[in-house]
Amino acid sequence: MSNPSILILPGDGIGPEVMAEVRKIIGWFGDKRDIQFDVSEDLVGGSAYDAHGTPLHDDTMAKAQEVDAVLLGAVGGPKYDDLDFSVKPERGLLRLRKEMDLYSNLRPAQCFDALADFSSLKTDVVAGLDIMIVRELTSGVYFGEPRGIFEEGNERVGINTQRYTESEIERAARSAFELAMRRNKKLCSMEKANVMESGILWREVVTRVGAEYPEVELSHMYADNGAMQLVRWPKQFDVILTDNLFGDLLSDCAAMLTGSLGMLPSASLGAPMANGRPKALYEPVHGSAPDIAGQGKANPIACILSFAMALRYSFDQGAEADRLEKAVEKVLADGVRTADLLGEEGVTPVSTSEMGDAVIGALDASL
Ligand code: IPM
Ligand code: MG
């Protein structure tokens with residue numbers, strides 16, 4: 001049997017730097033654990049635009065459809081701000097999500113003990129936090145029609161449409177309930193059923209799916225209250241299910257609870273392929289951070305933890321995913337810090353590649 005395949009799309013800004021560290025980790029699993037992958041690499045975002053005039057070449061799209069998992073770094077940068085909307089770097093990422101039909105976006109927000117003091121919230125509010133946001137990723141206002149900027153009388157009108165079908169809500173809900181069953185059997189669904197019809201339907205469908213999971217304690221919350229509750233007492237949540245746009249906002253909010261965006265991974269999953277693996281794309285939650293790109297300052301942990309999610313959700317290597325996550329935890333407990341994690345006195349930051357090496361060291365020590 002051939003090795004499982006991974007397509008690496010480093011993208012823009014700090015993407016290539018953090019992805020180089022993931023490559024080291026992938027190499028480590030091959031050398032030390034005999035877990036081999038066929039790895040290929042291609043362009044996405046601004047770098048693809050520079051090479052091909054499009055943020056995602058059709059050949060790259062086709063490759064992404066064939067591999068077992070895609071690992072993506074980050075897209076975007078000020079250099080591309082003035083590009084036409086249709087070829088902006090972000091369109092490359094959105095096309096991948098849409099055409100691979102990655103409807104379930106898992107965004108864990110986990111606070112590492114060593115970093116509890118970094119949060120802008122009080123330590124006791126975030127210490128031990130471990131929640132998971134499930135964001136619907138292929139529909140809603142991100143993709144709904146009609147959309148555009150139109151002439152109306154003597155002015156223009158900008159239109160986007162929040163649109164959800166029952167089946168779109170249902171499959172996202174089902175993935176969240178399945179996850180809740182493997183965690184603490186608690187699910188909070190967030191929408192705005194008080195103002196939006198799509199929210200009314202969302203609540204109805206989630207409730208219906210919930211009847212199939214009687215063990216899961218289901219609650220509903222308006223998304224604005226959800227944002228407030230996340231900041232007030234995030235530990236009341238375990239799994240949060242929400243739509244594409246609310247999920248975008250709530251996951252940034254949840255991410256910052258943990259102290260740094262540089263720490264958080266994500267998995268975007270679709271339907272199972274012929275080999276039983278879900279269509280999957282893994283990426284850090286952080287962006288391309290153009291201000292620090294190319295300086296060796298970026299924190300590679302979010303990208304490394306995204307690979308840990310790939311081990312868990314695509315490659316059935318839960319124990320090895322645990323090993324990698326524990327290695328990251330150990331490195332942090334040992335006080336190794338990239339520049340985004342400073343704050344303690346007398347700590348000198350390590351570079352991106354030194355952080356990667358430290359994780360490798362901790363992996364070695366785990367054997
Ligand atoms: C995210 C990002 C993307 C989004 C952008 C880059 C298109 O903010 O993954 O959260 O809005 O979904
Ligand atoms: Mg976002």
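Residues numbered from 1 in each chain as written. Chains lettered and ligands numbered in written order. Predicted model: local features only at pLDDT ≥ 70, side-chain atom pairs only at ≥ 80, totals over all residues. Heavy atoms only, no water.

Draft legend 1. Representation of the site of ligand 1. Neighbouring ligand 1 are E90, R97, R107, R135, Y142 and D248. The separation between an oxygen atom of ligand 1 and a polar side-chain atom of R107 is 2.7 Å. D248 is positioned such that a nitrogen or oxygen atom in its side chain is 2.8 Å from an oxygen atom of ligand 1. Here ligand 1 loses 75% of its free accessible area of 320 Å² to cover by the protein chains. Residues belonging to the shell around ligand 1 are distributed by class as follows: one nonpolar, no polar and five charged. (Near = heavy atom within 4 Å. Polar contact = N/O pair within 3.5 Å; in protein donor to acceptor, adjacent residues only side chain to side chain. Areas by Shrake-Rupley, 256 points an atom, 1.4 Å probe, with all protein chains shown as cover. Nonpolar A, V, L, I, M, F, W, Y, C, P; charged D, E, K, R; others polar.)

Draft legend 2. Highlighting the pattern of salt bridges. Considering all chains together, one arrives at 26 salt bridges under this definition. K79 is the salt-bridge partner of D50, the closest N and O atoms lying 2.8 Å from each other. One end of the pair, D50, is in helix α2 (residues 46-52); the other, K79, is in the loop between β3 (69-74) and α4 (89-99), and 29 residues separate them in sequence. For D50, a relative accessible area of 44% translates into the label partly exposed. Overall, the relative accessible area of 63% leaves K79 in the exposed class. Measuring nitrogen to oxygen at the nearest pair gives 2.9 Å for the salt bridge that ties E325 to R312. Of this pair, E325 sits in helix α11 (residues 318-333) while R312 sits in helix α10 (residues 301-313), and the two are 13 residues apart along the sequence. If you follow the salt bridges from partner to partner, you end up with E166, E170, R174, R208 and E212 in one network. (Salt bridge = Lys/Arg side-chain N within 4 Å of Asp/Glu carboxyl O. Helix = DSSP H or I, 4+ residues; strand = E, 2+ residues; numbered from the N terminus. Buried < 20%, exposed > 50% of the residue type's maximum accessible area, 1.4 Å probe, protein only.)

Draft legend 3. Structural context of the environment of M273. As for its placement among the helices and strands, M273 is situated in the loop between β11 (265-272) and β12 (278-284). Residues contacting M273, with those up to four places away along its chain left out, are V67, D68, P278 and K279. (Contact = heavy atoms within 4.5 Å.)

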